[in-house]
Amino acid sequence: MSALHRVLLVLCSLALVAVIFLPIWRIELDAAQYPEGLELQIYSHKLAGQVEIINGLNHYIGMKTLHADDFVEFTVLPYIIGFFALAFLAVGLANKPKWVYVLFGAFLLFGIVAMVDFYIWEYDYGHNLDPNAPIKVPGMAYQPPLIGYKQLLNFGAYSIPDIGGWIFIGCGILLAYSAVQEWRKAKQ
């Protein structure tokens, strides 16, 4: 395995440790009555931002309140990210090209599973509404977008990676680059 790829994997290992403590995802809400906007930040182990204000507003349309204790993901996600940090370090130090392919497959699979889980969470959150909510709009669901923008009544909702998410994506790109280059080298 090339020295460059080994260094990249070790650097990614350190970056993934930082992801445990940084916000991974953010949902921003914009509306005329909140000109400064509202923000929900999702970390590996907690929720941050204006969670209580968002919970108060969501009560009117029958959405469940957000509490970190309600999500098993916040219990296991720091350990999964820590596992990948150690795996990147081990593969970078071991100098075994075949391990890069295994790590890439596992990391890609985790990314897909994480996004599917997030989508399911958003779907449940936006569709399973309290039938006794003060505001009811027939046929209206309030599922935030997985990625990008969506209009939800008078709120514009933006769902995008935060700094930890961008680091995670960057590590995946560097891992993919290393795997492809090692595969090309092995083919020659």
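That block above? That's the structure.
About the thresholds
- Residues numbered from 1 in each chain as written.
- Predicted model: local features only at pLDDT ≥ 70, side-chain atom pairs only at ≥ 80, totals over all residues.
- Heavy atoms only, no water.
- Helix = DSSP H or I, 4+ residues; strand = E, 2+ residues; numbered from the N terminus.
- Buried < 20%, exposed > 50% of the residue type's maximum accessible area, 1.4 Å probe, protein only.
- Contact = heavy atoms within 4.5 Å.
- Lys, Arg positive; Asp, Glu negative; His and termini not counted.
- Charge placed at Lys NZ, Arg CZ, Asp CG, Glu CD.
- Axes fitted to C-alpha atoms, helices over the stretch in contact; angles between N-to-C directions.
- Parallel < 35°, antiparallel > 145°, perpendicular 65-115°, else oblique.
- Left-handed = near helix turned anticlockwise from the far one by under 90°.
- Nonpolar A, V, L, I, M, F, W, Y, C, P; charged D, E, K, R; others polar.
- Expected span 1.5 Å × (residues − 1).
- Pairing = 2+ DSSP bridges.
- Core = buried A, V, L, I, M, F, W, Y, C linked by side-chain atoms within 4.5 Å.

### What about the overall build of the chain?
Counting its secondary structure elements, the chain contains five helices and five strands. Counting from the amino terminus, the chain carries its helices and strands in the arrangement α-β-β-β-α-α-α-β-β-α. In the chain, buried positions account for 40% of the 188 residues. A separation threshold of at least 6 residues defines the contact pool for the chain, and within that pool the share at least 24 residues apart is 66%. In the chain, which carries 11 positive and 14 negative side-chain charges, the distance between the mean positions of the two groups comes to 19 Å.

### What to know about the packing of helix H1 (residues 3-19) against helix H3 (residues 73-94)
Following both chains from N to C, one finds H1 and H3 inclined at 165 degrees, their axes separated by 8 Å at the closest point. One finds that H1 runs roughly antiparallel with respect to H3. When the axes of H1 and H3 are compared, the crossing they make is left-handed. Across from Arg6, Leu9, Val10, Cys12, Ser13, Leu16, Val17 and Val19 in H1, the residues of H3 making contact are Ile81, Phe84, Ala85, Phe88, Leu89, Val91, Gly92 and Leu93. Each residue belonging to the contact of H1 with H3 can be placed in one class, and the counts come to 13 nonpolar, two polar and one charged.

### Side note on the packing of helix H4 (residues 97-127) against helix H5 (residues 163-187)
Describing two packed helices takes the angle between their axes plus the distance from one axis to the other. Taken N-terminus to C-terminus, the directions of H4 and H5 make an angle of 145 degrees; their axes are 9 Å apart at the nearest point. When the axes of H4 and H5 are compared, the crossing they make is left-handed. Listed contacts from H5 to Pro97, Val100, Tyr101, Leu103, Phe104, Phe107 and Phe110 of H4 are Phe168, Cys171, Gly172, Leu175, Ala176, Ser178, Ala179, Glu182, Trp183 and Ala186. Across the contact of H4 with H5, the residue classes tally to 14 nonpolar, two polar and one charged.

### Structural notes on H4
With 31 residues, H4 should reach 45 Å at 1.5 Å per residue; the first-to-last C-alpha distance of 45 Å fits that figure. By the burial criterion, the buried members of H4 are Val100, Leu103, Phe107, Phe110, Phe118, Trp121, Glu122, Tyr125 and Gly126.

### A closer look at the side chain of Asp162
Here Asp162 lies in the loop between strand E5 (155-161) and H5. Overall, Asp162 belongs to the buried group, its relative accessible area being 9%. Ignoring sequence-local partners within four residues, the contact set of Asp162 consists of Pro23, Ile24, Trp25, Arg26 and Gln41.

### Re the pairing of strand E2 (residues 34-42)
Two strands pair when backbone bridges link them, and strand E1 (residues 25-31) and E2 are joined in this way by six bridges, in the antiparallel orientation. By the bridge assignment, Arg26 is partnered in E2 with Gln41. Connecting E1 to the antiparallel partner E2 that follows it, the hairpin turn spans two residues. Sheet topology places E2 next to strand E3 (residues 47-49); three bridges connect them, and they run antiparallel. In the strand pairing of E3, Ile42 is matched with Leu47.

### Regarding the nonpolar core
Grouped together as the largest cluster of nonpolar side chains are 23 residues, with contacts concentrated most on Leu29, Leu40, Ile42, Leu47 and Leu66. Those elements that provide at least two residues to this core are E1, E2, helix H2 (51-61), H4 and E5. Those residues in contact with Leu66 that sit more than four places away from it in its chain are Leu40, Leu47, Val51, Asn55, Phe71, Trp121 and Tyr125. Listed in part, the 22 residues of the second largest apolar core include Cys12, Leu16, Ile20 and Phe107.

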